[in-house]
Amino acid sequence: SGVDYFLLKINSNNNDIAWVRQFNANTNTHSQIMVRPDGNINMILDLGGNYSLYDIETTDGSKIWNKDFTNQRITDLHVSEYGIELICDKNYYVTVDVDPSASVKNISGNDVYIIFLNLNGDFIDVKQFEKPTDGDILFNKITTDIDGKYYVSGVFKSTVDFDPSNNIYNLNSE
């Protein structure tokens, strides 16, 4: 008698259930879903400290692929024709591999970060933003405009460098 996730499709023409799929959860935290440009569904499942990203076929609910993110917390999911973006954070003391393939892209430090994937779930890039020792930075949402530019909202405390490159663009909270 555990806790599981579900994904339910209801037809719009007659409100009948088209299908429902079950996913093992082991926790009763949250999941997120977004419709992809190809009409399928991307879904994030919190598996108790690890997260999985699924691509689900909308005609029958079958799994096309899934990607696992170990020792990371995914706080937001965005999908557009430009790809998949994940807002993430992790425990300060843990080094994590942000590339869900067999390749390795490790990051460490006290950071929040954005993982960029293509629509096949393949790793493209990661942008890290360091949390200040005397403050904090939290990303809430990410989206794109029609030209593929990214917009991120959030909150911060203290002095934060908002440029993930070697350049510096500091803002000070008031």
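Quick summary incoming for the structure in this document.

Procedures and definitions
- Residues numbered from 1 in each chain as written.
- Predicted model: local features only at pLDDT ≥ 70, side-chain atom pairs only at ≥ 80, totals over all residues.
- Heavy atoms only, no water.
- Phe/Tyr/Trp six-rings, centres within 6.5 Å; stacked < 30°, edge-to-face > 60°.
- Helix = DSSP H or I, 4+ residues; strand = E, 2+ residues; numbered from the N terminus.
- Buried < 20%, exposed > 50% of the residue type's maximum accessible area, 1.4 Å probe, protein only.
- Lys NZ or Arg CZ within 6 Å of the ring centre and 35° of its normal.
- Salt bridge = Lys/Arg side-chain N within 4 Å of Asp/Glu carboxyl O.
- Core = buried A, V, L, I, M, F, W, Y, C linked by side-chain atoms within 4.5 Å.
- Contact = heavy atoms within 4.5 Å.
- Pairing = 2+ DSSP bridges.
- Axes fitted to C-alpha atoms, helices over the stretch in contact; angles between N-to-C directions.

Here's the deal with the packing of aromatic side chains
Inference 1: What the rule picks out here adds up to four aromatic pairs.
Inference 2: The interplanar angle of 70° and the centroid separation of 5.0 Å between the aromatic rings of Phe116 and Tyr150 together place this pair among those described as edge-to-face. Within this pair, whereas Phe116 is found in strand S11 (residues 111–117), its partner Tyr150 is found in strand S14 (residues 150–157), the two being separated by 34 residues in sequence.
Inference 3: Overall, the relative accessible area of 35% leaves Tyr150 in the partly exposed class.
Inference 4: On the numbers, 5.3 Å between centres and 85° between planes, the contact of Phe156 with Phe162 is edge-to-face.
Inference 5: Its relative accessible area of 28% is what places Phe162 among the partly exposed residues.
Inference 6: If you follow Lys67 out to its NZ or CZ, it ends over the ring of Trp65, 5.7 Å from the centre.

Let's talk about the pattern of salt bridges
Inference 1: Going through the model one piece at a time under the given rule, you end up with eight salt bridges.
Inference 2: The shortest N-O distance in the salt bridge between Asp76 and Lys141 comes to 3.3 Å. Linking Asp76 in strand S7 (residues 73–80) with Lys141 in strand S13 (residues 136–144), this pair joins segments that are 65 residues apart in sequence.
Inference 3: Classification of Asp76 as buried rests on a relative accessible area of 2%.

Thoughts on the nonpolar core
Side chains that are nonpolar tend, in soluble globular proteins, to be buried together.
Inference 1: Ranked by internal contacts, the top residues of the largest apolar core, which has 18 residues, are Leu53, Ile84, Leu86, Tyr113 and Ile115.
Inference 2: Secondary-structure elements contributing two or more residues to this core are strand S5 (51–56), strand S6 (63–69), S7, strand S8 (83–89) and S11.
Inference 3: Once residues lying within four places of it in the same chain are set aside, the contact partners of Ile115 are Phe69, Gln72, Ile84, Glu85, Leu86, Cys88, Val98, Phe123, Asp125 and Val126.
Inference 4: Counting ten residues, the second-largest nonpolar core is a separate cluster that includes Leu7, Trp19, Ala25 and Met43.

Overview of the sheet that holds S11
Inference 1: Strands sit in the order S7-S8-S11-S12 across an open sheet of four strands; the sheet is antiparallel. Because the sheet does not close on itself, it has two edges, and the strands there are S7 and strand S12 (123–130). Pairwise comparison of adjacent strand axes, ignoring direction, gives a mean angle of 15° for this sheet.
Inference 2: In this structure, S8 lies alongside S11, joined through six bridges in antiparallel fashion.

Side note on the sheet that holds strand S3 (residues 31–35)
Inference 1: Across the sheet, which stays open at both edges, the four strands sit in the order S3-S4-S5-S6 with antiparallel pairing between neighbours. Every interior strand has two partners, whereas the edge strands, S3 and S6, have only one. Each strand of the sheet is rotated relative to its neighbour by a mean of 15°, with strand direction disregarded.
Inference 2: As defined by bridge partners, strand S4 (residues 41–46) adjoins S5 across six bridges and the pair is classed as antiparallel. Note that in S5 the partner of Met43 across the bridge is Tyr54.

Read these as geometric descriptors, not functional statements.
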